[in-house]
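# Structural characterization, general
Here is what each chain is made of, one letter per residue.
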Amino acid sequence: MNTTTATVTAAPAPTPAIQKEREAFYGRADTQSLAPLWTRLKSLVPAAPTPAGVAHRWAYAEVRPYVLESAAHISAAEAERRVLILENPGLKGSSQITNSLYAGLQLIMPGELAPAHRHTQSALRFIIEGSGAFTAVDGEKTPMQPGDFVITPSWTWHHHAHEGAAGTDAPMIWLDGLDIPIVALFNSTFREDHAQDAAAVTRPVGDALARYGSGLLPVGYRHRSLNSPVFNYPWARTRDALHALTLAGAPDAHAGHLMRYVNPIDGGWAMPTMATMIRLLPAGFATLPYRSSDSMVFVVVEGSGALRVGEQHFALHPHDVLVVPGWMAHTLHASSDLVLFSYSDRVAQEKLGFFREQRG
Ligand code: 1HN
């Protein structure tokens, strides 16, 4: 058998004459909308992800006054959604917090209504502060309380309202996470405004949680959504689960006590495009380095500490929002018991077969 061993040798640099001929060829090819791959291959397919955007922190103490001031400039009704976008400083003009995701801080004042609409983008809400407001999703109202994680699945009617009295009740602020850039990649955006400001509410408050979120399922129930039928994961339950976990064993060295929000129907992630997680780092705990191919958005729920990304150091305080671009190693440190909510496109990457992570 004839065995030949291929050796890879770097090609010699082209002579100026050859280079000139090539350039002329590229120019002629361009007239046919053709382009050479070989001049672009390495940048099209680099050896590892090029970080998209930068690591950044929005300190809540600094941005909260701007969110509240937005109410002096526009009503929720006029704005449709009164939101200040958390735009990654490395992705200016894109309305993106990461390469694939959107984030914003939404404000609703007592007595206000954000009118009903639907769109193909999925939305998550992580409630930051306030009381007295609800969101209605696909015919069910749910009160929004700090620490709750709420799902608005693709193409479901949704509106938000604050039932409190102006002057006495607190403004409500939450973080919106949407998969806008993912839907844009597929150019599959559709939206529709509801004929009424408020869409019909057809089920009692708490219906979904009772039916699907109690370790029970109605017999004969046929699930028709890619999302969890539980659309509000209340903070009180999440907190209890996290604290129970701390009694059972040591935190993961690279993540702390880390849990994911789960779809009770199939044990999968709660949403089809956005992976949502909650973690607790006990006071004094520090994680070892970790990186993954999904860019991550963090919300500090409780406690304080620090996030390190490369040479950057961000102090963490309640309600701060942070972003870590994909494949950048980072560590977390808790000065007091630290609880972090996070979301990323990990669920989509897993389904498509290219999610990667590295510990250490
Ligand atoms: C949207 O519908 C909401 O329903 C929030 O609260 C933010 C950002 C872009 C497009 C639609 C909401 C949004 C959004």
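Placed above this text is the structure.
We now turn to the structure provided with this report.

Procedures and definitions
- The residue numbers shown here count from 1 along each chain, following its written sequence.
- pLDDT decides what is reported in this predicted model: residues at 70 or higher carry local features, side-chain atom pairs at 80 or more are listed and counted, and totals for whole chains, interfaces and linings draw on all residues regardless.
- The basis for the side-chain values is all heavy atoms of the structure; hydrogens and waters are excluded.
- Put simply, DSSP H or I for four residues or longer makes a helix, DSSP E for two residues or longer makes a strand, and each gets a number counted from the N terminus.
- Each residue's exposure class comes from its accessible area (1.4 Å probe, protein chains only) as a fraction of the maximum for that residue type: buried when under 20%, exposed when over 50%, partly exposed otherwise.
- Residue contacts follow a heavy-atom distance rule, with two residues in contact if any of their heavy atoms lie within 4.5 Å.
- Here a residue counts as near a molecule or strand whenever at least one of its heavy atoms sits within 4 Å of it.
- Identification of polar contacts relies on pairs of N or O atoms within 3.5 Å, with a donor-acceptor requirement for protein atoms, meaning one able to donate a hydrogen and the other able to accept it, and with residues adjacent in sequence counted only if both atoms are side-chain atoms.
- With residues, only the protein chains shown are counted as cover, and all accessible areas are computed by Shrake-Rupley using a 1.4 Å probe.
- In this classification, the charged set is Asp, Glu, Lys and Arg, the nonpolar set is Ala, Val, Leu, Ile, Met, Phe, Trp, Tyr, Cys and Pro, and all remaining amino acids, among them Gly, are polar.
- Strands qualify as paired when DSSP identifies two bridges or more between them.
- Axis angles are defined between N-to-C directions and span 0 to 180 degrees, where every axis is a line fitted to C-alpha atoms and, for a helix, only to the segment in contact.
- When a carboxyl oxygen of Asp or Glu is within 4 Å of a side-chain nitrogen of Lys or Arg, the pair counts as a salt bridge.

### Re the overall build of the protein chain
Helix and strand content of the protein chain: 8 helices and 22 strands. Overall, the protein chain is about 80 × 50 × 50 Å in size when its C-alpha atoms are taken along their principal axes. The 360 residues of the protein chain split such that 45% are buried. Sequence-distant contacts in the protein chain: of pairs separated by 6 or more residues, those separated by 24 or more amount to 74%.

### A few points about the site of the ligand
Arg81, Tyr102, Gln106, His117, His119, Arg125, His158, His160, Asp176, Leu178 and Ile180 make up every residue found near the ligand. The separation between an oxygen atom of the ligand and a polar side-chain atom of His160 is 2.6 Å. Protein contact buries 82% of the 330 Å² of open area that the ligand shows by itself. Counting only elements with at least two residues in the shell around the ligand, the list comes to β3 (102–108), β4 (113–119), β9 (158–162) and β10 (172–178). Taken together, the residues that form the shell around the ligand break down as 3 nonpolar, 5 polar and 3 charged.

### Quick notes on the sheet that holds strand β13 (residues 257–260)
As summarised here, the arrangement of the 6 strands in space is β1-β19-β16-β21-β14-β13, forming an open sheet in which the pairing is antiparallel. In this open sheet, the two strands that pair with only one neighbour each are β1 (56–58) and β13. When the angles between neighbouring strand axes are averaged without regard to direction, this sheet yields 20 degrees. Judged from the 3 bridges that link them, β1 and strand β19 (residues 321–324) form a sheet pairing that is antiparallel. Counterpart to His56 in the pairing with β19 is Val323.

### Let's talk about the pairing of strand β17 (residues 305–309)
Most of β17 sits inside the fold, with 4 of its 5 residues counted as buried. For β17 and strand β18 (residues 312–316), the ladder comprises 5 bridges, and the chain directions are antiparallel. Along β18, the bridge assignment pairs Val309 with Gln312.

### Looking at the pattern of salt bridges
Any two side chains of opposite charge can pair, given that their charged atoms come close. Applying the stated rule across the entire model yields 12 salt bridges. Arg125 is paired through a salt bridge with Asp176; the nearest N and O atoms lie 2.6 Å apart. Of the two residues, Arg125 is situated in strand β5 (residues 123–129) and Asp176 in strand β10; the sequence distance between them amounts to 51 residues. Asp207 is the partner of Arg203 in a salt bridge, and the nearest nitrogen-oxygen pair spans 3.8 Å. Look at the salt bridges and you will find they share partners, linking Glu140, Arg203, Asp207 and Arg211 into a network.

### Re the sheet that holds β3
Adjacent strands of a sheet pair through backbone hydrogen bonds, lying either parallel or antiparallel. One open sheet accounts for 6 strands, arranged β2-β3-β10-β5-β8-β12; its pairing is antiparallel. With partners counted over all chains shown, the strands left at the sheet margins are β2 (83–85) and β12 (232–233), one partner each. Where strand β8 (residues 149–152) meets β12, 2 bridges bridge the pair, whose relative direction is antiparallel. What sits directly across from Val150, in β12, is Asn232.

### Structural notes on the pairing of strand β6 (residues 133–137)
The buried fraction of β6 amounts to 5 of the 5 residues, a majority that puts the element mostly inside the structure. Residues Ala133, Thr135 and Val137 point to one face of β6 and Phe134 and Ala136 to the other, with burial holding for every one of them. Inspection of the sheet shows β6 paired to β9 by 5 bridges, in the antiparallel sense. In the sheet register, Val137 faces β9, and the bridge partner there is His158. Where β6 lies against strand β7 (residues 140–143), 4 bridges are found, and the strand directions are antiparallel. Bridging across to β7, Thr135 finds its partner in Thr142. Once β6 ends, the chain turns through 2 residues before running back antiparallel as β7, passing Asp138 with a positive phi of about 50 degrees.

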